[in-house]
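Now for the letters of each chain:
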Amino acid sequence: MNLMIVEDELRLLNNIAHNIPWEEQGIEVVATADNGADAFRLFEQVKPNIVLMDIQMPELDGLTLAKHIREADPLVKIIVLSGHDNFTYAQTAIELHVVKYLLKPSSNADVLQAVLDAREIIRQDLEAKYNQELMQKQWMEHLPRLQDLFYQNWTAGKYAEWEIEQRSRELMITLPYDGLWTVAVVDPDPLTNSNGRFIAEDITLLKISLLGMAKEFLDKVPCFIFSESDGATVLVFFESSYKEKELRPVNDFMAEVHLHMTRLLSVFKEFLKTTASAGIGRAVDKKMSVSNSYREAFHALKERVVHGHDIVVPYRDERQPHNAPASDIQMEKVLAHALESGQRDKAIAIIDEWFYLHVEQAKSSGEVHENILILSSLIVHLIQLQAWPLKEVVGHHFDYFHNLRALVTKEQTLQWLYGIVDHICLYVNESKNKSRHELISKMIGLVEASIDEDIGLHEVASKLYINASYLSRLFKQHMGQSFTSYIVERKMKLAMQWLTDGMKVSETANLLGYRDFSYFTKVFRKMWGVTPADVKNKKIVT
């Protein structure tokens, strides 16, 4: 929970902010202010959960501030700490839903307990807010996305038969009891320079448009339509059998699917003046086999490279299939993610699995070469998508991309793949570290530029447009101390240096952003074991 403290007595303000063990109770003081106007400005910036405030303050009194806060965010809990035992004040505070009205002087224990009580009220409010009705509403809002995830996992072969039945019912999807199934995958064709209406960067827009057209054009056709994780549109066609109606012949069912896809491509071409192609898998009679049809449709779509664009390609098993399990597509995605995020062990595991399936079990040297070519092309494509310099990323392994035949043994090939993975992961992780070091440098630079101000973590986070909690963890990880401790230490070191050089104590405190002279003295003594006056008058050097 986040706490903001508003108090015009600086000694009391510093005492509450620094002498109560907030961190031990999971409370973070995100802002302090000594007048109402500054308090409201800070409130809009840091959005605290709890506000502890005085009533009589310059510029804007506490009750008026409380009213503004309640209007801005009714969920914020307000605690009043006042020196006035006035019934009118208390009555107004009740009307503003102030959770606690403390009278000065109050002990630190009383203040802490009031804040903890306010936190408990917030937790209860949130629990009441997220009740069953709201959860149901959120469920319905997320249902389309959950259904798409079900379709994706189903076609990827991730579910057992009982899971297909159970999950479909949970997601309010009606699946036929039995019948015929087939899958089609449709995607915009790669854009060429001759296409003057769209450029390569518009491909995502075209994918979204194609999905929308499919849902609208095939609205009355028995099929499930969703977007594959890479943006291609997937259509799962089905035809149920009923007691009074026998199932149509497979050829008639497939002919109708082919016709639907041909018409969809025609509509896409007519309206967007560019083309798309589709692949269709073979018909199956079991829900569990839909993943096979999806894989076939995906591979059929790739045949547009041979047959040209603006075409519907049915899957044809023209040769004996070699080792190409249903998980190949998923393996490619997992490998891409592992390399992009620098996860070496995960990438090596996928390389090992892929190598065993497609190289170790290959029947000829030609098949080995073909499969290595596929994997190397995938790696090159991944590097290009990330806009990484290929030679720099793969190092001395680059030359083999031009001559894969030079890899004469399976062991040599596997070691080459391991080396590529090592180089990519090293490149990714070094890039991450460089970015983090630059961020720490910017934080330190902001501290130096604002050394005469009461700057804190949230102010720095807002200037860098980065989450404050992430910055806090990153700074402590790299510097070995919290950001707040670093600021105090830096200011006290400067104070010692300036006082030793002859600067006045009051001038030193002012230049370091300390408006409360006694508080500056207290912090200095805690750091150095002597007062600023001792250093100034006795020339003590530490």
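Residues numbered from 1 in each chain as written. Predicted model: local features only at pLDDT ≥ 70, side-chain atom pairs only at ≥ 80, totals over all residues. Heavy atoms only, no water.

### Some remarks on the overall build of the protein chain
Working step 1: The number of helices and strands found in the protein chain is 22 helices and 10 strands.
Working step 2: The C-alpha atoms of the protein chain give a radius of gyration of 34 Å, which is well past the 24 Å a tight globule of 542 residues would have.
Working step 3: Taken along the three principal axes of its C-alpha coordinates, the protein chain extends 95 × 65 × 45 Å.
Working step 4: By residue count, 43% of the 542 residues in the protein chain fall in the buried class.
Working step 5: Contacts in the protein chain between residues at least 24 apart in sequence constitute 65% of all its contacts with a sequence separation of at least 6.
Working step 6: Total accessible area on the protein chain stands at roughly 29,700 Å², and carbon and sulfur atoms take up 52% of it.
Working step 7: If the 59 positive side-chain charges of the protein chain are averaged to one point and the 74 negative ones to another, these points end up 2 Å apart. (Helix = DSSP H or I, 4+ residues; strand = E, 2+ residues; numbered from the N terminus. Rg over C-alpha atoms; globule rule 2.2 N^0.38 Å. Buried < 20%, exposed > 50% of the residue type's maximum accessible area, 1.4 Å probe, protein only. Contact = heavy atoms within 4.5 Å. Areas by Shrake-Rupley, 256 points an atom, 1.4 Å probe, with all protein chains shown as cover. Lys, Arg positive; Asp, Glu negative; His and termini not counted. Charge placed at Lys NZ, Arg CZ, Asp CG, Glu CD.)

### Thoughts on the sheet that holds strand β2 (residues 28-33)
Sheets are built from strands paired through backbone hydrogen bonds, the pairs being either parallel or antiparallel.
Working step 1: Judged by pairing direction, the sheet is parallel, and its five strands sit side by side in the order β2-β1-β3-β4-β5 without closing on themselves. Unpaired on one side and paired on the other, β2 and β5 (100-103) mark the two borders of the sheet. Here the strands of the sheet are splayed against their neighbours by 20 degrees on average, with no regard to which way each runs.
Working step 2: Relative to β5, strand β4 (residues 77-82) runs parallel, the two being bridged by four bridges. Bridging from a neighbouring strand, I79 pairs with K100 of β5.
Working step 3: Strands β1 (2-6), β3 (50-53), β4 and β5 of the sheet are contacted by helix α5 (residues 108-129), whose axis makes an angle of about 160 degrees with β4. (Pairing = 2+ DSSP bridges. Axes fitted to C-alpha atoms, helices over the stretch in contact; angles between N-to-C directions.)

### Things to note about the environment of H381
Working step 1: In this structure, H381 sits in helix α14 (residues 365-385).
Working step 2: A relative accessible area of 42% means that H381 is categorised as partly exposed.
Working step 3: It is 9.8 Å that separates the C-alpha atoms of H381 and A336, two residues lying 45 residues apart in sequence.

### Regarding the packing of aromatic side chains
Working step 1: Throughout the structure, instances matching the rule amount to 18 aromatic pairs.
Working step 2: Judged by centre distance (5.4 Å) and plane angle (85 degrees), the rings of W154 and W181 are edge-to-face. Residue W154 is found in helix α6 (residues 132-155), and its partner W181 is found in strand β6 (residues 179-188); the two are separated by 27 residues along the sequence.
Working step 3: For W154, a relative accessible area of 2% gives the class buried.
Working step 4: Note on W181: relative accessible area 1%, which makes it buried.
Working step 5: Ring plane angle 50 degrees and centroid distance 5.4 Å describe the contact between Y514 and F520, whose orientation is recorded as tilted. (Phe/Tyr/Trp six-rings, centres within 6.5 Å; stacked < 30°, edge-to-face > 60°.)

### So, the pattern of salt bridges
Side-chain pairs of opposite charge can arise where the charged atoms are in close proximity.
Working step 1: Enumeration over the complete set of coordinates arrives at 17 salt bridges.
Working step 2: Put simply, D125 and K77 hold a salt bridge, and the shortest N to O gap is 2.6 Å. Here D125 is found in helix α5, whereas its partner K77 is found in strand β4, with 48 residues between them in sequence.
Working step 3: Note that E165 is salt-bridged to K287, the shortest N-O span being 3.2 Å. Pair noted here: E165 is in helix α7 (residues 161-170) and K287 is in the loop between β9 (276-280) and α10 (290-302), with a separation of 122 residues, a long-range link.
Working step 4: Its relative accessible area of 26% is what places E165 among the partly exposed residues. (Salt bridge = Lys/Arg side-chain N within 4 Å of Asp/Glu carboxyl O.)

### Focus on the pairing of β4
Working step 1: The buried count for β4 comes to six of six residues, which makes it a mostly enclosed element.
Working step 2: The two faces of β4 match: K77, I79 and L81 on one face and I78, V80 and S82 on the other face are all buried.
Working step 3: Note: β3 against β4, four bridges, orientation parallel. Note that in β4 the partner of I50 across the bridge is K77.
Working step 4: Note that the unit made of β3, helix α3 (residues 62-72) and β4 has a crossover that is right-handed. (Right-handed = clockwise from strand over helix to strand, strands pointing away.)

### Looking at the nonpolar core
Working step 1: With 37 residues, the main nonpolar core has L339, I351, I372, I379, W416 and I424 as its most contacted residues.
Working step 2: If you list the elements that add at least two residues to this core, you get α12 (328-340), α13 (344-360), α14, α15 (390-394) and α16 (410-449).
Working step 3: Sort the elements by how many residues they give to this core and α16 lands first, with 10 residues.
Working step 4: In contact with I424, other than residues within four places in its own chain, are L339, I379, I383, W388 and V393.
Working step 5: Grouped together as the second largest cluster of nonpolar side chains are 34 residues, A468, L474, I487 and F524 included. (Core = buried A, V, L, I, M, F, W, Y, C linked by side-chain atoms within 4.5 Å.)

### Observations regarding helix α18 (residues 468-479)
Working step 1: Counted at 1.5 Å a residue, the expected span for α18 with its 12 residues is 16 Å, and the 16 Å between its end C-alpha atoms agrees.
Working step 2: For α18, the complete set of buried residues consists of A468, L471, L474 and F475. One side of α18 carries all its buried residues, which in axial view fall inside an arc of 125 degrees. Facing away from the buried surface of α18 by more than 90 degrees, the exposed residues are R473, K476 and Q477. (Expected span 1.5 Å × (residues − 1). Arc of directions from axis to C-beta.)

### With respect to the environment of I383
Working step 1: Examined against the element boundaries, I383 turns out to sit in helix α14.
Working step 2: Judged by its relative accessible area of 1%, I383 is buried.
Working step 3: Taking the C-alpha atoms as reference, I383 lies 19 Å from P190; in sequence the two are 193 residues apart.
Working step 4: Aside from chain neighbours lying at most four places away, what touches I383 is W388, L390, V393, V394 and I424.

### Focus: the sheet that holds strand β8 (residues 233-240)
Working step 1: If you trace the five strands from one edge of the open sheet to the other, you get β7-β8-β6-β9-β10, paired in mixed fashion. The two strands at the open ends of the sheet, each matched to only one other strand, are β7 (223-227) and β10 (312-314). Each neighbouring strand pair of the sheet contributes to a mean axis angle of 20 degrees, computed without reference to strand direction.
Working step 2: Of the strand pairs in this sheet, β7 and β8 are connected by five bridges, and their pairing is antiparallel. For F226, the partnering residue across the bridge sits in β8 and is V234.
Working step 3: The sheet contacts of helix α8 (residues 203-217) involve β6, β7, β8 and β9, and relative to β6 the element is tilted by about 145 degrees.

### Let's talk about a nonpolar patch on the surface
Working step 1: Taken together, the side chains of L75, L126 and Y130 define a hydrophobic patch exposed on the protein surface, amounting to about 270 Å² of accessible area.
Working step 2: Residue placement: L75 occurs in the loop between α3 and β4. (Patch = residues over 30% accessible without salt bridge, like charges linked within 9 Å, V, L, I, M, F, W, Y side chains within 5 Å.)

### Focus: the confidence of the model for the protein chain
Do not read the fine detail of predicted coordinates wherever pLDDT is low.
Working step 1: On average, residues of the protein chain score 83 in pLDDT, and 92% of them are at 70 or above.
Working step 2: At the level of individual helices and strands, the protein chain shows its lowest average pLDDT in helix α11 (residues 304-307), which scores 62, and its highest in β7, which scores 93.
Working step 3: Across residues 320-327, where pLDDT falls below 50, the model places 12 contacts with residues more than four positions away in sequence or in other chains. (pLDDT = per-residue confidence, 0-100.)

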